[in-house]
Amino acid sequence: MAGKKTWMPTAAGILDIIAGSFVLLGGFILLIFGTVGSSIMPYFMPQMPPVTAVVIFSSIAVPLILIAILAIVGGIYALQRKIWGLALAGSIAAFFSPSWVLGVAAIVFTALSKNEFE
């Protein structure tokens, strides 16, 4: 059962969602750039097949998008104070954002507020 409510899970959830949103945006930009890059790549590197840009950028973008989704879902569960393990996983995923400081703070806040989760 949930314990005394503090601000920490709310702060962790917000930080997770912010960090996850940055990563999600970056992942989609990479995905779009890879798709557009495949059409302009023959002009810059004629010896390389156009599909190479799609493969390279997609192989980077897809894991980033999955990490971002995990961070955002974990942030939602932290805000709801449900499923502590998923909230912690979301905080750990937020650590892999460009603003890793948000992820560190979210991990600390989630870990310290374990007794507030259902």
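Quick note: structure is the one above.
Notes on the structure follow. Worth saying up front: this structure is predicted, and the values here are computed from it rather than measured.

### With respect to the packing of aromatic side chains
- The tally for this structure, following the rule as stated, stands at four aromatic pairs.
- Measuring from ring centre to ring centre gives 5.0 Å for tryptophan 7 and phenylalanine 109, while their planes differ by 75 degrees; the resulting arrangement is edge-to-face. Highlighted residues: tryptophan 7 in the segment before helix 1 (8-44) and phenylalanine 109 in helix 4 (residues 100-112), separated in sequence by 102 residues.
- Between phenylalanine 95 and phenylalanine 96, the aromatic rings sit 5.4 Å apart at their centres with planes inclined by 80 degrees, giving edge-to-face as the arrangement.
- The class of phenylalanine 95 is partly exposed, set by a relative accessible area of 33%.
- Joined through ring pairs, the aromatic side chains of Phe95, Phe96 and Trp100 make up one cluster.
- Cation over ring: lysine 114 sits above tryptophan 84, and NZ or CZ is 4.7 Å from the ring centre.

### Here's the deal with the packing of helix 1 against helix 2 (residues 51-80)
- Between helix 1 and helix 2, the shortest axis-to-axis distance is 7 Å and the interhelical angle comes to 165 degrees. Judged on the interaxial angle alone, helix 2 and helix 1 are roughly antiparallel. Regarding helix 1 and helix 2, the two cross each other, and that crossing is left-handed.
- When grouped by side-chain class, the residues that make up the contact of helix 1 with helix 2 number 24 nonpolar, twelve polar and one charged.

### What to know about helix 1
- With 37 residues, helix 1 should cover 54 Å at 1.5 Å per step; its first-to-last C-alpha distance of 50 Å lies within 8% of that length.
- Of all the bends in helix 1, the greatest, near 50 degrees, is centred on serine 38, and the proline proline 42 appears no more than four residues after it.

### Concerning the side chain of aspartate 16
- Here aspartate 16 lies in helix 1.
- Despite being buried, aspartate 16 has no salt bridge partner; arginine 81 is the closest side chain of opposite charge, sitting 12 Å away.
- Of note is the side chain of aspartate 16, whose polar atom sits 3.1 Å from the side chain of serine 91.
- Those residues within four positions of aspartate 16 in sequence are excluded, and the remaining contacts are Ala71, Ile72, Gly74, Gly75, Ala87, Gly90, Ser91, Ala94 and Ala106.

### Observations concerning the packing of helix 3 (residues 84-94) against helix 4
- Running from N to C, helix 3 and helix 4 cross one another at 160 degrees; their axes reach a closest spacing of 7 Å. As judged from the angle between their axes, helix 3 and helix 4 are roughly antiparallel. By crossing handedness, the relation of helix 3 to helix 4 is classed as left-handed. Facing helix 3, whose interface residues are Trp84, Ala87, Leu88, Ser91, Ile92 and Ala94, helix 4 presents Gly103, Ala106, Ile107, Thr110 and Ala111.

Calculation notes
- Residues numbered from 1 in each chain as written.
- Predicted model: local features only at pLDDT ≥ 70, side-chain atom pairs only at ≥ 80, totals over all residues.
- Heavy atoms only, no water.
- Phe/Tyr/Trp six-rings, centres within 6.5 Å; stacked < 30°, edge-to-face > 60°.
- Helix = DSSP H or I, 4+ residues; strand = E, 2+ residues; numbered from the N terminus.
- Buried < 20%, exposed > 50% of the residue type's maximum accessible area, 1.4 Å probe, protein only.
- Lys NZ or Arg CZ within 6 Å of the ring centre and 35° of its normal.
- Axes fitted to C-alpha atoms, helices over the stretch in contact; angles between N-to-C directions.
- Parallel < 35°, antiparallel > 145°, perpendicular 65-115°, else oblique.
- Left-handed = near helix turned anticlockwise from the far one by under 90°.
- Nonpolar A, V, L, I, M, F, W, Y, C, P; charged D, E, K, R; others polar.
- Expected span 1.5 Å × (residues − 1).
- Bend = angle between axes of the 7 residues up to and from the residue.
- Lys, Arg positive; Asp, Glu negative; His and termini not counted.
- Salt bridge = Lys/Arg side-chain N within 4 Å of Asp/Glu carboxyl O.
- Polar contact = N/O pair within 3.5 Å; in protein donor to acceptor, adjacent residues only side chain to side chain.
- Contact = heavy atoms within 4.5 Å.

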